Amino acid sequence: MNRRPVVAGQFYPGQADQLESMVGEYLSKAGAKAQERTILAMTPHAGYVFSGSVAGQTLGRANLAKTVLLLGPNHTGMGSRFAVWSDGIWELPGGGLNVNEGLAKAIIKADTRLVADQAAHVREHSLEVVLPFLRAIDPETTIVPIAVAEPRLEVLLEVGAAIGRVLASWKHPVSMVVSSDMSHYVTHEEAKRWDSMALEPILALNPSEAYRVVRESGISMCGIMPMTVGLTAAESLEASKAELVAYATSGETSGDYTQVVGYAGVLVS
């Protein structure tokens, strides 16, 4: 089954030519492409006017494999806690990206908690907004989208390890992209402070500590659960370093610094 876009014309342009032009402009702001293969990239998922620059700088620098495992939060509460979209095409204005059905099936077999489930994805925006960037970088990219809504750390670590084993043994390289915004609806200065706290263990490649800091400090990072999964999986792929590529808040676009959302771009190799 194909997935139709749900936030085209809202979070990003609904016309193919306008979307291509906007994404190309954001990607053109990126620095030199990383030489090492990107194991994991974390990128935001707000409307492009707010977070597109951070997303473009991050994904433009990334050296992604032709297959990308997408991990994002489930904002809607629908569907299962580890929902894998296992077939078809994720459609976009101007053409979509194919799901890598073989890898999706292998991931589902790796742990009983990973299930084929479309309900978690049909109204969820967090992964959709990443796809125009991936398509612009390489239109032949294939994807495996997973929405994560599991709150228990031990389960996130177990499932992340199971995914990591699949990726480490897969016949072709696979990169991961985690979709997450950072602090929500705090002042610009508070966002920078809280987000720095959350990013420190992420950049140290410590998924358990990242989860603990975000949860215990009450940091409203919506993608901490998928990021915990992704960082754990990255351990199986021998990740050794992480880089903060870009950081911004919505206040820098809107001019309102009293209620902002933070956006961070991270590359792990």
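Residues numbered from 1 in each chain as written. Predicted model: local features only at pLDDT ≥ 70, side-chain atom pairs only at ≥ 80, totals over all residues. Heavy atoms only, no water.

Caption draft 1: Summary view of the environment of Lys29. For Lys29, the location among the structural elements is in the loop between helix 1 (16–27) and strand 1 (40–43). For the pair Lys29 and Ser196, spaced 167 residues apart in sequence, the C-alpha to C-alpha distance is 23 Å. (Helix = DSSP H or I, 4+ residues; strand = E, 2+ residues; numbered from the N terminus.)

Caption draft 2: Just the side chain of Asp117, in detail. Counting through the fold element by element, Asp117 comes out in the loop between strand 6 (115–116) and helix 4 (131–137). No salt bridge is formed by the buried Asp117; its nearest oppositely charged neighbour, Arg81, is found at 10 Å. At 2.5 Å, the side chain of Asp117 and the backbone nitrogen of Ser80 are in polar contact. If sequence neighbours within four positions are ignored, Asp117 has contacts with Gly79, Ser80, Ala83, Val84 and Trp85. (Buried < 20%, exposed > 50% of the residue type's maximum accessible area, 1.4 Å probe, protein only. Lys, Arg positive; Asp, Glu negative; His and termini not counted. Salt bridge = Lys/Arg side-chain N within 4 Å of Asp/Glu carboxyl O. Polar contact = N/O pair within 3.5 Å; in protein donor to acceptor, adjacent residues only side chain to side chain. Contact = heavy atoms within 4.5 Å.)

Caption draft 3: Broad picture of the packing of aromatic side chains. Within this structure, the stated rule accounts for four aromatic pairs. On the basis of an interplanar angle of 85° and a centroid distance of 6.4 Å, the ring pair of Tyr26 and Tyr48 is categorised as edge-to-face. Separated by 22 residues along the polypeptide, Tyr26 in helix 1 and Tyr48 in helix 2 (residues 48–61) bring together distant segments of the chain. Here Tyr26 and Tyr48 have matching classes, each one buried. An aromatic cluster is present here, built from Tyr12, Tyr26, Tyr48 and Phe133 joined pairwise through their rings. For the cation-ring pair, Arg3 lies above Trp90, with the distance from its terminal atom to the ring centre recorded as 4.4 Å. Arg193 extends its terminal NZ or CZ atom over the ring of Trp194, reaching a point 5.7 Å from the ring centre. (Phe/Tyr/Trp six-rings, centres within 6.5 Å; stacked < 30°, edge-to-face > 60°. Lys NZ or Arg CZ within 6 Å of the ring centre and 35° of its normal.)

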